[in-house]
Amino acid sequence: MTSTTSQQELFRFLEDRFACAQACTECARACALRASLVDPDGTENQELVRRQGIMCAEVCDATCRVLSEQNQVDEAVIRVQLEWCRQVCLESAHVFDAHPGAEEGAKACRTCARACGEFLATLR
């Protein structure tokens, strides 16, 4: 492997990591907004949307923090966090799909899940 190839791989890794962190931030924002718009005394379905939005926002926020660490974080830890985030985002998108007006939240969740999956692929 040449030093140029190594540099290109490093740049790609950093770009993928940044894109994933950015998607996590956007998803956390969309999910927190979705959760805040739901009436806490609403129906059981609305409560599910609210709880799912809060959980997704927290997981995405934690994932972004892990990806933003400057010191070396164990790659296995990063993999587990990314997979957890990907799963929670997909579950959230599914829940949001059943709730009118939550389309943007569902879209942000799917974008984040895709970014996590793409970044995971670079780690394998």
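Cut-off values and rules
- Residues numbered from 1 in each chain as written.
- Predicted model: local features only at pLDDT ≥ 70, side-chain atom pairs only at ≥ 80, totals over all residues.
- Heavy atoms only, no water.
- pLDDT = per-residue confidence, 0-100.
- Helix = DSSP H or I, 4+ residues; strand = E, 2+ residues; numbered from the N terminus.
- 1 Å grid on protein atoms, 1.4 Å probe; cavity = no way out; pocket = protein on both sides within 12 Å on 5 of 7 lines; lining within 4 Å.
- Points joined across faces, edges and corners; volume = space filled by probe spheres on them.
- Nonpolar A, V, L, I, M, F, W, Y, C, P; charged D, E, K, R; others polar.
- Core = buried A, V, L, I, M, F, W, Y, C linked by side-chain atoms within 4.5 Å.
- Buried < 20%, exposed > 50% of the residue type's maximum accessible area, 1.4 Å probe, protein only.
- Contact = heavy atoms within 4.5 Å.

Of the residues in the protein, 93% reach a pLDDT of 70 or more, and the chain-wide mean stands at 86. For the protein, the element scoring lowest by mean pLDDT is helix α1 (residues 3-37), at 82; helix α3 (residues 75-97) scores highest, at 94.

Let us now look at the layout of surface pockets. For the largest pocket, the calculated volume is near 210 Å³. Along the walls of the largest pocket sit Glu26, Ala30, Leu33, Arg34, Leu37, Gly101, Ala102, Glu104, Gly105, Lys107, Ala108 and Thr111, which together make up its complete lining. Those elements that provide at least two residues to the lining of the largest pocket are α1 and α4 (103-123). Of the residues assigned to the lining of the largest pocket, the class counts are five nonpolar, three polar and four charged.

This part covers the nonpolar core. Ranked by internal contacts, the top residues of the largest apolar core, which has 34 residues, are Cys60, Leu82, Cys89 and Cys112. Mapped onto this core, the elements with two or more residues apiece are α1, α2 (44-68), α3 and α4. With nine residues, the single largest contributor to this core is α4. Leave out the neighbours within four places in its chain, and Cys89 touches Cys27, Cys56, Cys60, Cys109, Cys112 and Ala113.

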